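The residues making up each chain are set out below.
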Amino acid sequence: MDPQRSPLLEVKGNIELKRPRIKAPSRLPLSGSRLKRRPDQMEDGLEPEKKRTRGLGATTKITTSHPRVPSLTTVPQTQGQTTAQKVSKKTGPRCSTAISTGLKNQKPVPAVPVQKPGRGKKPSKRPAWDLKGQLCDLNAELKRCRERTQTLDQENQQLQDQLRDAQQQAKALGTERRTLEGHLAKVQAQAEQGQQELKNLRACVLELEERLSTQEGLVQELQKKQVELQEERRGLTSQLEEKERRLQTSEAALSSSRAEVASLWQETAAQAALLAEREERLHGLEMERRRLHNQLQELKGNIRVFCRVRPVLPGEPTPPPGLLLFPSGPGGPSDPPTRLSLSRSDERRGTLSGALAPPTRHDFSFDRVFPPGSGQDEVFEEIAMLVQSALDGYPVCIFAYGQTGSGKTFTMEGGPGGDPQLEGLIPRALRHLFSVAQELSGQGWTYSFVASYVEIYNETVRDLLATGTRKGQGGECEIRRAGPGSEELTVTNARYVPVSCEKEVEALLHLARQNRAVARTAQNERSSRSHSVFQLQISGEHSSRGLQCGASLSLVDLAGSERLDPGLALGPGERERLRETQAINSSLSTLGLVIMALSNKESHVPYRNSKLTYLLQNSLGGSAKMLMFVNISPLEENVSESLNSLRFASKVNQCVIGTAQANRK
């Protein structure tokens, strides 16, 4: 017996071997009437039924008289399947698997060939009188039956051995069955747990189905969008094809353009080299221009004096002829006038005959004289080059001097109404600076401008750009050094406003006019009773060359100078005017002393004797360029004051200050 065969399979095989076998019919001669029967009838009555008892406690009936029992060599398939199903129900899935595997591995038991009745070669029928032949046939049949009996005994012995083996295997299977039952219990517990998990999974499945329905809706929407996108893609594809065709055309054009670009690059490189050479040359020419410009200004004088005579205003008396004369220059009438003659008659002087003495003629010579018909543009044209020196790094100071009502404020700030033809020097100078700075930006220069506007009233500094609560708090402003060891002066609590266009300057001038101190005097209905100082701090830089320059442009409108009448009776208001006049005359006198000290190169220059000269200290020294406008009235009644102003201006015009130096780094 094969040890690897399953016990159940061996039992099944044993059972199949114990199935009833059919014995061949006996052909022994029978007595009496049986001899007359046919051979097949004789075989039916040859042997009675027999009962045999075989293992497993079961009784199997073997019927030898049935002629058509199937052979033991074949086992019906349904019987094996039924046996396997019965075992699987008892032992569970594991045992069923083992039995089915054993059935596959079961070796078939050799079957004993059985001669089926009716299929063998039938003997020839003997006559009834041939008893000897019939006896021989019966003996042969008996011999075959004995051999068959011997074979069946041997098979019976084998089946008994297999039965014993099957009983042992049954015990083993019982043990295995109990083991499998325990395992079945565990499997059932796991099955219950699986059922619970199945419930949870079903709940999850329901939830997932809901989500799936939602997702299906989204999928449908996405499919619609996909269809739309496909349509759009087809449209874009056609556009892409069109673009590709255009691209091919462009590439063809590009290839032809590259050659042109290469040649243009060569030309550009040559132009860049030429441009760098031109820029270097231009910078050299600019430096030469500044040097020559400075020399020209020095030849004209670092202190220059211009005289301007205002026209006669409506309502004023016409001056007598010959009061003011403007002789022609050395080159004739075409040259700008530089001389002025003032005639003065004295009624207290007379001749021996009692007639009046002829008028006394006073001749003055200045750098330029502007008759009453000169316009604001003509005046500024003469000083435009001087104003431009501030961009080159030279401090520039321009101030208007004269008696009350001589046109100083008109010269510096302009007339009312915003007429461009009446604009003064301050707006015109800043417009010119902005324009030149814009031109120089093409050469690499960048400029910044910061403006301040203050007045000095009774030796008190006030900020004319103050707004809101700061108005009228000029006493808080003081002149101080910008820092330890610095020569730059600054006014504390004053506004310093960055400016970059004309509108910003106009707004500052309008605010300053509203804040400036004015009063009615004997000479003028609205007279400025303070010195106004407009200062513009200019900073320039050429970053590529590492050059820097800085300077200040000071435009000063001095208060009107007047002589005091000692015999005049003074009331409360007149006493205030008297103090103002004394402060004004004192500061103007200090200005003259400072200019004289600079001209004489004295070791001590009295800048601190007046707030005006102290504030303008850096604009009056040897490194600065200074221009003085002396404004006079054309009226005969103002001849005395005009003569005093002209004499003061003539002294200033005779002063010579050292060579100016630019503030460069």
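Residues numbered from 1 in each chain as written. Predicted model: local features only at pLDDT ≥ 70, side-chain atom pairs only at ≥ 80, totals over all residues. Heavy atoms only, no water.

Chemist: Would you mind going over the overall build of the protein with me for this structure?
Modeler: Counting its secondary structure elements, the protein contains twelve helices and 18 strands. Contacts spanning at least 24 positions in sequence make up 71% of the contacts within the protein whose residues lie at least 6 apart. Summing over all exposed atoms, the protein offers an accessible surface of approximately 39,800 Å²; the carbon and sulfur share of this is 52%. (Helix = DSSP H or I, 4+ residues; strand = E, 2+ residues; numbered from the N terminus. Contact = heavy atoms within 4.5 Å. Areas by Shrake-Rupley, 256 points an atom, 1.4 Å probe, with all protein chains shown as cover.)

Chemist: Please explain the sheet that holds strand β4 (residues 324-325) as it appears in this structure.
Modeler: Note on sheets: strands pair through backbone hydrogen bonds, and any given pair is parallel or antiparallel. Spatially, three strands are ordered β4-β5-β6 in an open sheet, and the strand pairing comes out antiparallel. Two strands lie at the open edges of the sheet, namely β4 and β6 (360-365), each paired on one side alone. Bridge count between strand β5 (residues 339-344) and β6: six bridges; the pairing is antiparallel. Its bridge partner lying in β6, Ser341 is registered against Asp363. Sheet strands touched by helix α12 (residues 639-653): β5 and β6. Its angle to β5, the strand with the most contacts, is close to 145°. (Pairing = 2+ DSSP bridges. Axes fitted to C-alpha atoms, helices over the stretch in contact; angles between N-to-C directions.)

Chemist: Even after reading the chapter, I still don't get the packing of helix α7 (residues 425-441) against helix α8 (residues 502-515), so can you show me in this structure?
Modeler: In helix packing, the relevant descriptors are the interaxial angle and the interaxial distance, both defined with respect to the helix axes. Viewed as axis vectors pointing N to C, α7 and α8 meet at an angle of 155°, and their least axial separation amounts to 10 Å. Looking at the two axes, α7 sits roughly antiparallel to α8. Where α7 crosses over α8, the handedness of that crossing is right-handed. Contact residues: α7 offers Ile426, Pro427, Leu430, Arg431 and Phe434, while α8 offers Glu502, Val505 and Leu509. (Parallel < 35°, antiparallel > 145°, perpendicular 65-115°, else oblique. Left-handed = near helix turned anticlockwise from the far one by under 90°.)

Chemist: In this structure, what is going on with the pattern of salt bridges? I would like to understand it.
Modeler: Opposite charge on two side chains permits pairing when their charged atoms draw close. Applying the stated criterion to the full structure yields 15 salt bridges. For the salt bridge of Arg234 with Glu231, the shortest nitrogen-to-oxygen distance reads 2.0 Å. Of this pair, Arg234 and Glu231 both sit in helix α4 (residues 131-300), three residues apart, which is roughly one turn of that helix. On the basis of relative accessibility, which here comes to 41%, the residue Arg234 falls in the partly exposed class. For Arg431, the salt bridge is made with Glu423, and the minimal N-O distance between the two is 2.4 Å. Judged by relative accessible area, which is 27%, Arg431 ranks as partly exposed. Several salt bridges share partner residues, and in doing so they unite Arg126, Asp130 and Asp137 into one network. (Salt bridge = Lys/Arg side-chain N within 4 Å of Asp/Glu carboxyl O. Buried < 20%, exposed > 50% of the residue type's maximum accessible area, 1.4 Å probe, protein only.)

Chemist: Is there a simple way to think about the packing of aromatic side chains in this case?
Modeler: Describing an aromatic ring pair means giving the distance of the ring centres and the angle of the ring planes. On inspection of all chains with the given rule, the structure shows eight aromatic pairs. Between Phe306 and Phe370, the ring centres sit 5.8 Å apart and the planes meet at 70°, which makes this aromatic pair edge-to-face. Remark: Phe370 occurs in strand β7 (residues 368-370) and Phe306 occurs in strand β3 (residues 303-309); sequence separation between them is 64 residues. Each of the two residues, Phe306 as well as Phe370, counts as buried. Between Phe306 and Phe629 the ring centres are 5.6 Å apart and the planes differ by 80°, which places this aromatic pair in the edge-to-face class. Here the residue Phe306 occupies a position in strand β3, and Phe629 occupies one in strand β18 (residues 625-632), the gap between them amounting to 323 residues. Note on Phe306: relative accessible area 1%, which makes it buried. On the accessibility criterion, Phe629 (0% relative accessible area) is buried. Sitting above the plane of the Tyr394 ring, Lys625 keeps its charged end 4.9 Å from the centroid. (Phe/Tyr/Trp six-rings, centres within 6.5 Å; stacked < 30°, edge-to-face > 60°. Lys NZ or Arg CZ within 6 Å of the ring centre and 35° of its normal.)

Chemist: Before we go on, may I ask you to explain helix α5 (residues 376-388) in this structure?
Modeler: Over its 13 residues, α5 extends 18 Å from the first C-alpha to the last, a length consistent with the 18 Å expected when each residue adds 1.5 Å. Burial in α5 covers these residues: Gln376, Val379, Phe380, Ile383, Ala384, Leu386, Val387 and Gln388. (Expected span 1.5 Å × (residues − 1).)

Chemist: Any chance you could explain unusual backbone geometry here in plain terms?
Modeler: If a residue is not glycine, its phi is most likely negative; likewise, a peptide bond is most likely trans. In this structure, Asn493 takes a positive phi of about 65° despite not being glycine. Tracing the chain through its elements places Asn493 in the loop between β12 (489-491) and β13 (497-499). Residue Asn493 is classed as partly exposed on the basis of its relative accessible area of 45%. Not every positive phi belongs to a glycine, and Lys601 is a case in point at roughly 55°. As for its placement among the helices and strands, Lys601 is situated in the loop between α9 (572-599) and α10 (611-615).

Chemist: So what exactly am I meant to see when it comes to the side chain of Ser406 here?
Modeler: The topology assignment puts Ser406 in the loop between β8 (396-402) and α6 (408-413). A relative accessible area of 1% means that Ser406 is categorised as buried. At 2.8 Å, the side chain of Ser406 forms a polar contact with the backbone oxygen of Gln403. Of note is the side chain of Ser406, whose polar atom sits 3.3 Å from the backbone oxygen of Asn631. Every residue in contact with Ser406, bar those within four places of it in the chain, is listed here: Arg310, Asn631, Ile632 and Ser633. (Polar contact = N/O pair within 3.5 Å; in protein donor to acceptor, adjacent residues only side chain to side chain.)

Chemist: Quick question: what am I supposed to make of the packing of α5 against α7 here?
Modeler: Packing of α5 against α7 brings their axes to within 10 Å, and their N-to-C directions diverge by 50°. Considered as vectors, α5 and α7 are oriented oblique to each other. Every pair of crossing elements has a handedness; the one defined by α5 and α7 is right-handed. Contact residues: Gln376, Asp377, Val379, Phe380, Ile383, Ala384, Val387 and Gln388 in α5; Leu425, Arg428, Ala429, His432, Leu433 and Val436 in α7.

Chemist: Would you take a moment to explain the pairing of β8 for this structure?
Modeler: Side-chain direction in a regular strand flips from residue to residue, so the side chains alternate between the two faces of the sheet. Counting buried positions along β8 yields seven of seven residues, so the element is predominantly enclosed. Burial of the side chains of β8 extends over both faces: Val396, Ile398, Ala400 and Gly402 are buried on one face and Cys397, Phe399 and Tyr401 on the other. Sheet topology places β8 next to strand β17 (residues 547-557); five bridges connect them, and they run parallel. Considered in β17, the bridge of Cys397 is made with Ser554. In the sheet, β8 pairs with β18 via seven bridges, with the strands oriented parallel. What sits directly across from Ala400, in β18, is Phe629.

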